[in-house]
Structure formats: C-alpha cells, structure tokens
Amino acid sequence: MYPAEQHVIKTFNKLIELLPEVERYKPQVVLLAGAVTPFRNDTDRELPFRQESNFYYLSGCTVPSSYLLITFQNGTSLAQKPSIQLFIPPIELADLMWSVPPPSKEEAAKTHQVTHVDHPAALPEAIHELLKAYPEATFHTLPRDPAVFPVVPEQIAGLPATRNVKVTDEFLLTAIHRARITKDEFEIAEIAKANEISSRAHEVVMRVLGQAVIGAIKKGKGAGVERPLLPGEWLIEKEAEAEAIFVASCRREGAVHQAYLPIVAGAERASTLHYCCNDKEFAWGPVEKHDHVNGNEFAHDHGRNLNPQVLLIDAGCEWNNYAADITRTMPVGNGGKFTPEARAIYELVLEMQQLSFEALKPGLHWDAIQLLCHRTLVRGFQKLGIFKSPNSPNSGSWNSEEAILASGISTAFFPHGVGHSLGMDVHDVPSASKPVVNDTIPKVQLGHPDFYTYLRLRLPLAEGMVVTVEPGIYFSPHLLAPVRDSRHIDQEVLKRYESVGGVRIEDVVVITKEGYKNLTTVRSDVEWVEGVCSGKL
C-alpha cells in the first residue's frame, strides 16, 4: 500500500520547522484538492488524467476530483497518527455508462492509507467539526493559482474564515517539496521500476535499428500494399517511428504515461536540447545544415542509404506517478557504427558522466559535479584540438586549461545543468532543489558563473536523493555563433565535428550512504551500443 501516512508525517515535520515558534504546537490542518479530468478546449473530449503530484504524495489517490483533509498536532497522538480524511466522488450512472467509475468508499478505505473515506458533499461538515474541535488550528493550502495547482472551491476553502481561523498558503508547498526531495524505499522501488521499463524501451529501439542493418526485418506477403505492416515488419527510418516503438514498448509493460514529451532527434537536430517535434526522417545523402526534409523517399522504397548520423533519444515513462529520465545517443547509418568524430564526442561525454559517478556521495555540493563536467570537457577538447593549448601554433598561456575554464566558453558546447532531482516529476520539487534563498552555494564560485545558470539542483547531495546525471556536448549553430572568433577555438578542427549535432548520456541514480546506485539498466558503453545498433549483439 502507498505509504501516505509516512509522507504526511514527514511533510508536517518539515512544516513545523517553517512555522514561527509560537505556532509549532498548535493544531495544523491541510486542505487540498486533487486534479480534475481535463478536457480539450471547448469540447467534451477527455484528455489523459494524471493526479497532481503533491496531492498524490500525501494520499496515493489517483481518483479525479478528490479532496484531502489532514489534521496534525505536534506533541500529541496526532503527530504519530495524523487524521487523514479522503473525499472521493460518488458513483454516478453516467460514470457507469461512459467511463470507469471511481471506487466505492469501502473499496477506497481498503486500498488507501487513510483514516476515513467519504464523498465531497461531506467535506464542509468535516471542516466544521474540525473547527469545533480545534479552534486554534491553522489551515494550510497550496497557492491559489488554478494555472498551477487544483484549487479548493471558495465555498469550501472559505469556511475556516467564518470562524476567524487562519488560512495560509505560505508554508505548505515548501514543506511538501522539502519532504519530497529525499525518497524512501517505496519511492525508490517505483522509480527503479520506471527506469527498468524505460531502459528496455531504449534497448528495443537500438535492437530494431540493428536488425535492419543486418537485413533481419522482412516484409511478409502483401505487407504495406494489401495489408498494413505488422510490428515485426517495422523499420525505424524516421524520428516518429523511433518514438512510436519506444512508447509502445513502455505501454506494453503497463506504463500509462510518459514522464515528459519524448525527445527523438536525428543528426544536427540533436543539438536542440528539448527537441520534441520528432517529425523528421533520418538524413540520406549529403547532410546539409538545417536539412530537415528528405522528400519522404523512404515511404517509396527507393532503397536510400542512411547517412552516418546520431539519433538522440531522451525519454522515460512513469510507473505509478514516479518518473524515469534516460537519454541514449546511438549511431544510425554507417552500418550501425559511430563516425570517428561522433565516437570521439560520445566517449568524451561518457567520460564526463563516469567521472561524475565516481565523485557522487552525500555532502558533496552538486555545483562541484557541474564544474567537474566542464573541466573534463575542456581537457577533452584540448586533446581533440577543438580547444587550443598553450603549445598550439601562435598560442600561449591564455589557452591553458584554467584560462579556458575561467572564460566560460565551454557553455557554448555544454549549456545545461548536469542533472536534476527526479521523483514524481521529472524536474522534481524546484522550490526545494534550487531555493531562492540558498546559503549552501559557496561564496567564492568556482569556474564561470554561466556554468550554473541552468543548473536545476543547487544543494549538497543527501542520502535518498534521486538525481539524473546527464552531461552532453552539442554543436548548435545558435550557441556557436558568438564564439566563432574565439581565440580559444581552432575553427578548422571544430568544423569537422559540427555535423555530429549533439550527444547526451543520461542515467538516474539514487544517493546512498556509500555513494550511489544506478537505477538505469540499459548500457551505454561504446562497444555494446555499436554492437546492438549494428546487429552483431
């Protein structure tokens, strides 16, 4: 059973820490609304329902249009056994006719770790009873912004004010986020399951690519003419086809939602960090800059040979509202092998990730991992000749490793953060992972300030944190334009690598007492990736 009571106690303990001293032993009440079934604009067509994360964290309830009323008091029995009242909609005839009805009160009581289950019509009376029993209580809600959170109707949310009871949204969101930033064993198991399913989906895409390379995918009689192609006859010749196979693999294993829009980017499009179009065919023939259209030739069976290119897939499913977030970059064309330039960049990104893994431990500030990745990139680019060294022709000390690092020019190639907190949301608990007031950031910042602009986690690591480790190197014409005249860059060498587009490798790890545990199971070493994508493994 979902450990709602454990999460409620953890959240209230965080809440108590935020309250003024004189308020800490007074009764505290949380009033929350769950998400409602969304509909497409101006129609009666349902969109996929997904419970609001904070509501789910405190209830484990996925029933639309539900409410929570939770009572806690520090120093009393309610601190160990808070009152958790769940209000779910009644079963209506229309529900039975059009859709799957909500559970009955009796069924919900058996499957949810709550004190009492009732229907929303009983919520006002339940609030009145609490106001009688705890006249000094403070009611806590999420910020009343319907664009961000489900909002309790005013006729219900306003009831405490009729008794001059304080209602505030100042503390609850921060308390829940601080509770959610570290995960318990139940949550880690859910995240691991999402990662296992997503890892297999990434491997499925790679294996379909490899089977095509060796000609193992055959069309049966009438395929594509007299009848549709069957899944075993599908090739991956477009970004959309790779996405379809990934999502289908997750769905077949019971995952209802993707944790975010899949990013499936071929060739130079891999330099766009959140490329979600996924609508272009793979390049054939000479790859020109911004060559996004191939005339739909593959649909006509003209037997075009794929040009050597990378395919970057950043995708992960959810399992019971807990996310995976995995990126793999794989070779397309060239017999399923990386070009020398793509392989060199891939191996450098892999080194950035491996060195990050080796450094992970509780107490280490995440900024240090970001700096480590930039330093590794600078060293690697100097070895490849993309960045100059002091002993390069017409060079000097201004091209030392430290000088290039201090210049911040590496952000043109690695502009984003090395990773983020992950849980029920793929970019989990932003107010806690990157707080506005943050005294954990070193006063003397190492490296260049631009390294940290898009870093979504800026805290020391703690046991139980789940984070992504996702370094990348990109050759984006937009980001490279300002550094075309840089004295740190050998532009002729750079030109050889620009067609790579982008490489990112991303795994999900949980911070342990000893270091970390990788929850992502699909491999990323060059030999295995090439072996699978070439059909040899």
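Look above for the structure.
Presented here is a report on the structure given in the accompanying data block. Since the structure is predicted, the reported quantities are computational estimates derived from the model, not experimental observations. (Residues numbered from 1 in each chain as written. Predicted model: local features only at pLDDT ≥ 70, side-chain atom pairs only at ≥ 80, totals over all residues. Heavy atoms only, no water.)

1. Concerning the pattern of salt bridges
Here is step 1: Evaluated as defined, the whole model comprises 29 salt bridges.
Here is step 2: A salt bridge links R343 to E527; its shortest N-O distance comes to 3.6 Å. One end of the pair, R343, is in helix α10 (residues 340-359); the other, E527, is in helix α16 (residues 526-533), with 184 residues separating them in the sequence.
Here is step 3: In this structure, the salt-bridge partner of E498 is R484, at a minimum N-O distance of 2.9 Å. Taken together, the positions of E498 in the loop between α15 (491-497) and β14 (502-504) and R484 in the loop between α14 (477-480) and α15 put the pair 14 residues apart, joining distant regions of the chain. (Salt bridge = Lys/Arg side-chain N within 4 Å of Asp/Glu carboxyl O. Helix = DSSP H or I, 4+ residues; strand = E, 2+ residues; numbered from the N terminus.)

2. Regarding empty space enclosed by the protein
Here is step 1: In the structure shown here, the tally under the stated rule is three cavities of 30 Å³ or more.
Here is step 2: Of the voids in this model, the largest cavity is the one considered here, and its volume is about 70 Å³.
Here is step 3: Every residue along the wall of the largest cavity is listed here: L31, L32, A33, T141, L142, P143, R144, P150, V151 and V152.
Here is step 4: Its residues assigned to classes, the lining of the largest cavity comprises eight nonpolar, one polar and one charged. (1 Å grid on protein atoms, 1.4 Å probe; cavity = no way out; pocket = protein on both sides within 12 Å on 5 of 7 lines; lining within 4 Å. Points joined across faces, edges and corners; volume = space filled by probe spheres on them. Nonpolar A, V, L, I, M, F, W, Y, C, P; charged D, E, K, R; others polar.)

3. Considering the sheet that holds strand β16 (residues 516-518)
Each strand in a sheet pairs with its neighbour through backbone hydrogen bonds, running either in the same direction (parallel) or in the opposite one (antiparallel).
Here is step 1: Spatially, β12-β15-β16 is the arrangement adopted by the three strands of the open sheet, whose pairing is antiparallel. Only two strands of the sheet have a single partner each, and these edge strands are β12 (466-469) and β16. Averaged over all adjacent pairs, the angle separating strand axes in this sheet is 35 degrees, with direction ignored.
Here is step 2: Summarising the sheet, β12 and strand β15 (residues 507-511) pair through four bridges and their orientation is antiparallel. Paired with V466 across the strands is V510, a residue of β15. (Pairing = 2+ DSSP bridges. Axes fitted to C-alpha atoms, helices over the stretch in contact; angles between N-to-C directions.)

4. Some points on the packing of aromatic side chains
Here is step 1: Applying the stated criterion across every chain, the model contains eleven aromatic pairs.
Here is step 2: With 4.8 Å between their ring centres and 55 degrees between their planes, Y2 and Y56 make a pair best called tilted. Here Y56 lies in helix α2 (residues 53-59) and Y2 lies in the segment before α1 (4-18), a separation of 54 residues in the sequence.
Here is step 3: By relative accessible area, Y56 is classed as buried at 6%.
Here is step 4: Taken together, the ring pairs connect F381, F387, F413 and F475 into an aromatic cluster.
Here is step 5: In this arrangement the basic side chain of K193 is found over the ring face of W319, its NZ or CZ atom lying 5.2 Å from the centre. (Phe/Tyr/Trp six-rings, centres within 6.5 Å; stacked < 30°, edge-to-face > 60°. Buried < 20%, exposed > 50% of the residue type's maximum accessible area, 1.4 Å probe, protein only. Lys NZ or Arg CZ within 6 Å of the ring centre and 35° of its normal.)

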